[in-house]
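# Structural features, examined
In case you want the letters, here they are:
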Amino acid sequence: MDLKWFRVPRDVVFGAGTLEYLKQVQGSKAFICMGKNSMRANGVLDKVTGYLKEANIDYTIFDGVEGDPSVETVYRGAEKMKAFAPDLILGLGGCSAIDAAKAMWVFYEYPDKRFEDIKAPFSIPPLRNKAKFIAIPSTSGTGTEVTCVAVITEQGGIKHPLASYEITPDIAILDPEICLSMPSNVTADTGVDALSHALEAYVSTMANDYTDTLALESIKTIFEWLPKAFKDGSDITARTKMHIAQNYAGMSFSNAILGIDHSLSHKISTINTTHGRCNTILMPAVIQYNSKVAGQRYAQVAKYIGLLGSSNEALVSSLVTAIKNLNSSLGIPASLKELGMDESSFLENVETYAKAALEDPCTGTNPRQPSVEDLIQVYKAAYYGYDVVI
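Read on for an overview of the structure. (Residues numbered from 1 in each chain as written. Predicted model: local features only at pLDDT ≥ 70, side-chain atom pairs only at ≥ 80, totals over all residues. Heavy atoms only, no water.)

What the six strands build is an open sheet, ordered β1-β8-β5-β4-β2-β3; its pairing is parallel. Each having just a single partner strand, β1 (11-14) and β3 (58-62) make up the two edges of the open sheet. With direction set aside, neighbouring strand axes in the sheet form an average angle of 20°. Looking at chain direction, strand β4 (residues 88-93) and strand β5 (residues 132-137) are connected through six bridges and run parallel. Along β5, the bridge assignment pairs leucine 88 with lysine 132. (Pairing = 2+ DSSP bridges. Helix = DSSP H or I, 4+ residues; strand = E, 2+ residues; numbered from the N terminus. Axes fitted to C-alpha atoms, helices over the stretch in contact; angles between N-to-C directions.)

A volume near 300 Å³ is recorded for the second largest pocket. Considering the residues around the second largest pocket, the lining is formed by 15 residues, among which Asp11, Gln26, Lys132, Asp170 and Ile171 are closest to the centre. Partitioned by chemical class, the residues of the lining of the second largest pocket number seven nonpolar, three polar and five charged. (1 Å grid on protein atoms, 1.4 Å probe; cavity = no way out; pocket = protein on both sides within 12 Å on 5 of 7 lines; lining within 4 Å. Points joined across faces, edges and corners; volume = space filled by probe spheres on them. Nonpolar A, V, L, I, M, F, W, Y, C, P; charged D, E, K, R; others polar.)

With that out of the way, let us pick up helix α6 (residues 209-231). Between its first and last C-alpha, α6 extends 34 Å over 23 residues, near the 33 Å set by a 1.5 Å rise per residue. At tryptophan 225, α6 is deflected by roughly 40°, the largest bend along its length, and proline proline 227 occurs up to four residues later in sequence. Measuring from the side-chain oxygen of the N-cap residue of α6 to the backbone nitrogen of tyrosine 210 gives 2.9 Å; that N-cap residue is asparagine 208. (Expected span 1.5 Å × (residues − 1). Bend = angle between axes of the 7 residues up to and from the residue. Polar contact = N/O pair within 3.5 Å; in protein donor to acceptor, adjacent residues only side chain to side chain.)

Moving on, we come to the nonpolar core. Counting residues in each nonpolar core, the largest one holds 62 residues, and the members touching the most others are Leu264, Leu319, Leu336 and Tyr379. No other element matches the 13 residues that helix α9 (residues 275-304) contributes to this core. Beyond its immediate sequence surroundings of up to four residues, tyrosine 379 is in contact with Leu264, Lys267, Ile268, Leu282, Leu336, Phe346, Val350, Tyr353, Ala354 and Ala357. Counting 30 residues, the second-largest nonpolar core is a separate cluster that includes Val74, Ile98, Phe115 and Ala150. (Core = buried A, V, L, I, M, F, W, Y, C linked by side-chain atoms within 4.5 Å. Buried < 20%, exposed > 50% of the residue type's maximum accessible area, 1.4 Å probe, protein only. Contact = heavy atoms within 4.5 Å.)

Glancing now at the environment of tyrosine 384. With respect to the secondary-structure elements, tyrosine 384 resides in helix α13 (residues 372-384). Sequence separation of tyrosine 384 and glutamate 343 is 41 residues, and the distance between their C-alpha atoms is 9.5 Å.

This part takes up the pattern of salt bridges. Enumeration over the complete set of coordinates arrives at 14 salt bridges. Across the pair glutamate 20 and lysine 23 runs a salt bridge, and its minimum N-O distance is 2.7 Å. Owing to a relative accessible area of 31%, lysine 23 belongs among the partly exposed residues under this scheme. Residue arginine 128 pairs with aspartate 170 through a salt bridge whose shortest N-O separation is 2.6 Å. (Salt bridge = Lys/Arg side-chain N within 4 Å of Asp/Glu carboxyl O.)

Bringing the environment of glycine 306 into the picture now. Inspection of the secondary structure assignment puts glycine 306 in the loop between α9 and α10 (312-329). Overall, glycine 306 belongs to the exposed group, its relative accessible area being 51%. As for glycine 306 and leucine 319, which are separated by 13 residues in sequence, their C-alpha atoms are 9.9 Å apart.

This part takes up the packing of aromatic side chains. All chains considered together, the criterion is met by ten aromatic pairs. Here the aromatic rings of tyrosine 384 and tyrosine 386 are separated by 6.2 Å at their centres, their planes lie at 10°, and the arrangement is stacked. A relative accessible area of 32% places tyrosine 384 in the partly exposed class. The exposure class assigned to tyrosine 386 is partly exposed, which follows from its relative accessible area of 38%. (Phe/Tyr/Trp six-rings, centres within 6.5 Å; stacked < 30°, edge-to-face > 60°.)

This part covers the packing of helix α5 (residues 184-203) against α6. The N-to-C vectors of α5 and α6 enclose an angle of 160°; their axes lie 9 Å apart at closest approach. One way to sum up the angle between α5 and α6 is to call them roughly antiparallel. In the packing of α5 onto α6, the handedness of the crossing is left-handed. Two secondary-structure elements touch here, α5 through Ser184, Thr187, Ala188, Gly191, Val192, Ala194, Leu195, Ala198, Leu199 and Tyr202 and α6 through Asp212, Ala215, Leu216, Ser218, Ile219, Ile222, Phe223, Leu226, Ala229 and Phe230. Across the contact of α5 with α6, the residue classes break down as 15 nonpolar, four polar and one charged. (Parallel < 35°, antiparallel > 145°, perpendicular 65-115°, else oblique. Left-handed = near helix turned anticlockwise from the far one by under 90°.)

Laid out in structure tokens, this is it:
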């Protein structure tokens, strides 16, 4: 039996003004997990707490989640969660706040667990014994509001993706009005992150008809609307299109999983740049490496977004060029070296990065199974900006 599945939140509420849906949720106590200040500064937090009050839901706020949420932050949040005993958990803001809240949720429901106990893919025990989860993203990139993944940073700056359908949120609220104040660089970095999700999901060994449909539409929408959202952050149509496109990508990769673009990025992206920016700088080299076995799939992507080529090889080349051109239009450097990553440090550590990337959970569903030496070559191609020929 060829058993496949497609798992997403029970409710995805989308459209301008849908933050007000919070007035309809059922619960008595809400734990709001958020970042440092942006949700306060743009008035979103006031709206959230106002709607909760109208629903007669008490709340507490855990803020200050850092850009790459650490295990220590997760433990601190879990302790506050245990003390407050919520039946609703709200991840509010960027990916970091939502991912941190997902991990806190596990330790709230299972106080005796430690991070080491849940690192293995799909090892998190059943949740929803104490609380349900609502995700409200303020960026259009990670799709974490609909995914089975939470990326937590361990000591030393290494990112570890927790993976379990238990941490897929129950409700996702996609209100593009929350994104209107997003700076252009964040718009760019989160947007290309979504692109990397959709591209990797489409060539994953676990891709299926459902994930393919969402991935292709996400890729096409991002190429069309990300430059517009980047150029004019007040364009509500562009913001809406991007918020939905990244959500499509999230649903796609949550079911198809990812590949080495993310494995490689997880090991270095905390050093000089954001996760999304690192992903997209690595992407051309990753596509060239994977195209030896997934060239037809990449060619299908190229055709879907209107690129031209007389062969699969030519279409793959067109796709790589289109990604490079998109990055350039968004002010994203063409290589890790141009990004400012120290060359001597990179060369000294590249084998360590590659060994860690080989063990990353995302590597298992990459279309081409790599060796450590392969990954070193992909890293170097992305660092110097040259083509992959292996």
